[in-house]
Amino acid sequence: MKKEYIDLPPMLAARGEIILPGSKSISNRVLLLAALSEGKTEIRDLLHSDDTERMLDALKILGVEIESVGDNAYLVKGCGGDFPVKEAKLFLGNAGTAFRPLTAALAFMNGHYELSGVPRMHERPIGDLVDALRQGGARISYLGEEGYPPLEISPAEISGRNEISVRGNVSSQFLTGLLMALPLLKKKIELKVEGELISKPYIEITLEIMKRFGVDIERRGWESFFIGDDCRYESPGLMHVEGDASSASYFLAAGAIGKGPVRVYGVGKDSIQGDVKFSEALRMMGAKISMGENWMEASSTGFLEAIDIDCNAIPDAAMTLAVAALFAKGKTILRNIASWKVKETDRIAAMAKELRKFGAIVEEGDDFIAITPPSSHFALHDSIDTYDDHRMAMCFSLSAFGTHVRINDPECVAKTFPDYFERFSKIAFPVPVISIDGPSASGKGTVASLVAKHLGFHYLDSGALYRITALAAIQAGLSLEDEKAASMLAQGLDIRFENGEIRLNGEIVTEAIRSEVCSNGASKVAALPAVRAALLELQRQFRKTPGLVADGRDMGSTVFPDSILKVFLTASAEERAKRRYKQLIEKGVSVNMDTLLQDIISRDQRDSGRSVAPLQKNPDAELLDTTGMGIMDAVSQVEEWYSAKIDQPTPV
Ligand code: DC
């Protein structure tokens, strides 16, 4: 079943190493050229993703023999520039890196083909490529809207023209498609670029890979490319696909935001991918970058500065900078990003909308975006939409270095990086939580707050939230069984914990919520599922750097299931009644021991017998029975367990 969303806890730090998946751009270019060349090519480290699947499927349908020869390795038997199948319908999903070059190659294949994709693919312009191909004699018609896929291709009537021009300012993939396909015509052609060419580094990738397949194209600047009449694609035998430099950007940015060091393997200083320049942008923001032949590493002091930068050369990785801007002091301006509009979604609009959800001030134009981060610690009271755009999902994982985030449709990362979130969790370390659950009057509140104080962590007394809800409900004259009303009330509570005092709507209620009426009321409202759901997000917001100690009943099981340490702290009912008795007598309250014991027993029953989040020891929690044990001994035990956990390499 498709996952609707993924919740990422707030992250404290990033460190570790990642082996990158293969580059999408290189994978699809290599596949196509291997298919078009003479001889067999073994391709290693090919990316496994939706986009490469589309290309593989299409090539197989076109009659190319492709054999899997190991993990991410394929043997492609080239067809010497002529696909055997002359009539086919190809579905190419949302894979621009398959659609554009295949259109160009099939235009001169002397066959009948239909090319289509998902609805978004049909909104992505292709008119400039079709116009250029028509100059070379291609016969292509639009099956839907003029200028957009789906397309129908018929055998070309090769023209005598030796000059073809293409616009360079919409998508560099048009030029890439032409550069790879025109050598098939075996005639001299000058390919001219009109207007400024965007995303030049992608053209460099194209030229470099063509060279490895034996076709060396001369060029004059970025305006003219000269294709000879004696070009022939020849298999280089073995091709390694580099790691994906755009994918590297998320991990390097994590290293910069979360101090690092984070090292990526698969790209390095000799990479042919332009997106490696992304590291220079991170360096400008204040990160420390180092690199070797096959690796790059980022770290920082944790303080980043805003930058104003032209992103023409790094269109994809620039999206990562937009989210990194949430952590940089000042206004970050990313310029020359018009191509964002025609990608998987209108990325300028999408990015602006989602960044605003954190309270950032965002200005957007046709070719720029400017981001001023929210001034203080930010929170997300919404979830992040991803627009079926893998890069939106991956970029926004970085916002977790500031707050708890929910990312919708996380599986859209399959386009280029199917196990992205798993890998991210290997280098991103959440803000640690120690959960201390247990029954009433077990002393967990005292223990938890002392542990928090010793470690310099924040402290959450979750029971207080149920007590406050009960108090507010009693004050509003609500029945404590009225689930709907109580949960509405819980959602809108104005609660503040300040200097050891608890305030409800501005009024100090520290003492009031400890009354027996509130204790009993809290136990009743706590049994209502809608109230528990309403308080969930509020509780998670207490998880802040450098860490949290939370006490309650379901901290380890429900609210912070990824707690680094879970403790179930208890004592016998008699011992707890005795402690409570002593407390109340000291306060001058007269009580009856038997009544207290009965109250504790029946509250225990209600807390453990309810259907939602019942009080129980989790199998992964440490048991701490404090019957006959002093407070400080209990505190020391918890701290000892915690030290043992952080001494181990932390699993996330
Ligand atoms: O810990 P406490 O006695 O202050 O809790 C008051 C009530 O709230 C108690 O009946 C149990 C309930 N509670 C809960 O159900 N879940 C929590 N996480 C904390 C308290």
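Cut-offs applied
- Residues numbered from 1 in each chain as written.
- Predicted model: local features only at pLDDT ≥ 70, side-chain atom pairs only at ≥ 80, totals over all residues.
- Heavy atoms only, no water.
- Helix = DSSP H or I, 4+ residues; strand = E, 2+ residues; numbered from the N terminus.
- Expected span 1.5 Å × (residues − 1).
- Buried < 20%, exposed > 50% of the residue type's maximum accessible area, 1.4 Å probe, protein only.
- Arc of directions from axis to C-beta.
- 1 Å grid on protein atoms, 1.4 Å probe; cavity = no way out; pocket = protein on both sides within 12 Å on 5 of 7 lines; lining within 4 Å.
- Points joined across faces, edges and corners; volume = space filled by probe spheres on them.
- Nonpolar A, V, L, I, M, F, W, Y, C, P; charged D, E, K, R; others polar.
- Axes fitted to C-alpha atoms, helices over the stretch in contact; angles between N-to-C directions.
- Parallel < 35°, antiparallel > 145°, perpendicular 65-115°, else oblique.
- Contact = heavy atoms within 4.5 Å.
- Near = heavy atom within 4 Å.
- Polar contact = N/O pair within 3.5 Å; in protein donor to acceptor, adjacent residues only side chain to side chain.
- Areas by Shrake-Rupley, 256 points an atom, 1.4 Å probe, with all protein chains shown as cover.
- Pairing = 2+ DSSP bridges.

Draft legend 1. A look at helix α2 (residues 50–61). The terminal C-alpha atoms of α2, which comprises twelve residues, lie 16 Å apart, in line with the 16 Å expected from a rise of 1.5 Å per residue. Residues of α2 that are buried: Asp 51, Thr 52, Met 55, Leu 56, Ala 58 and Leu 59. Viewed along the axis of α2, the buried residues span an arc of 165°, placing them on a single side of the element.

Draft legend 2. Summary view of empty space enclosed by the protein. For the structure on display, the rule yields four cavities of 30 Å³ or more. Of the pockets and cavities examined, the largest cavity occupies roughly 310 Å³. Lining the largest cavity we find 30 residues, and of these Lys 24, Gln 173, Tyr 202, Asp 316 and Lys 343 sit closest to its centre. Of all the secondary-structure elements, those providing two or more residues to the lining of the largest cavity are α1 (24–36), α3 (96–107), α5 (172–181), α6 (200–212), α7 (245–257) and α11 (390–397). The residue inventory of the lining of the largest cavity, partitioned by class, reads six nonpolar, twelve polar and twelve charged. Residue lining of the second largest cavity: Ile 198, Ser 199, Cys 311, Asn 312, Pro 315, Asn 336, Ile 337, Ala 338 and Ser 339, and that is the complete set. When grouped by side-chain class, the residues that make up the lining of the second largest cavity number five nonpolar, four polar and no charged.

Draft legend 3. Representation of the packing of helix α15 (residues 483–491) against helix α17 (residues 529–540) in the model. Relative to each other, α15 and α17 sit at 10°, their axes nearing to 8 Å. Put simply, α15 runs roughly parallel to α17. Together, Glu 483, Ala 486, Ser 487, Ala 490 and Gln 491 of α15 and Pro 529, Ala 530, Val 531, Ala 534 and Leu 535 of α17 make up the contact between the two elements. The residue makeup of the contact of α15 with α17, split by class, is seven nonpolar, two polar and one charged.

Draft legend 4. Layout of the site of the ligand. Around the ligand sit 18 residues in total, of which Arg 467, Arg 532, Arg 553, Asp 554 and Arg 610 are the nearest. Within the contact set of the ligand, a nitrogen atom lies 2.9 Å away from a side-chain nitrogen or oxygen of Ser 462. Within the contact set of the ligand, an oxygen atom lies 2.9 Å away from a side-chain nitrogen or oxygen of Arg 532. Computed on the free molecule, the ligand has an accessible area of 440 Å², of which 97% lies beneath the protein chains in the complex. Breaking the shell around the ligand down by element, the ones donating at least two residues are α14 (462–475), α16 (516–525) and α20 (593–609). The element that contributes the greatest number of residues to the shell around the ligand is α14, accounting for four residues.

Draft legend 5. The arrangement of the pairing of strand β2 (residues 11–19) in detail. Summarising the sheet, β2 and strand β25 (residues 428–430) pair through three bridges and their orientation is antiparallel. From the neighbouring strand, Met 11 faces β25, where its bridge partner is Pro 430. Pairing between β2 and strand β15 (residues 259–265): five bridges, direction parallel. Bridging across to β15, Glu 17 finds its partner in Arg 263.

Draft legend 6. Expanded view of the environment of Pro 432. Mapped onto the elements, Pro 432 comes out in the loop between β25 and β26 (433–437). As for Pro 432 and Thr 545, which are separated by 113 residues in sequence, their C-alpha atoms are 8.3 Å apart. Filtering out sequence-adjacent residues up to four positions away, Pro 432 remains in contact with Leu 12, Phe 457, Pro 546, Gly 547, Leu 548, Ile 564 and Tyr 642.

Draft legend 7. Quick look at the sheet that holds strand β5 (residues 74–77). Pairing is mixed across the open sheet formed by four strands, whose spatial order is β4-β5-β3-β14. The open sheet terminates on both sides in strands that have one partner only, identified here as β4 (65–68) and β14 (238–240). Each strand of the sheet is rotated relative to its neighbour by a mean of 20°, with strand direction disregarded. With four bridges joining them, strand β3 (residues 40–44) and β5 adopt antiparallel strand pairing. Paired with Ile 43 across the two strands is Tyr 74, which belongs to β5.

By themselves, these figures tell us nothing about what the structure is for.
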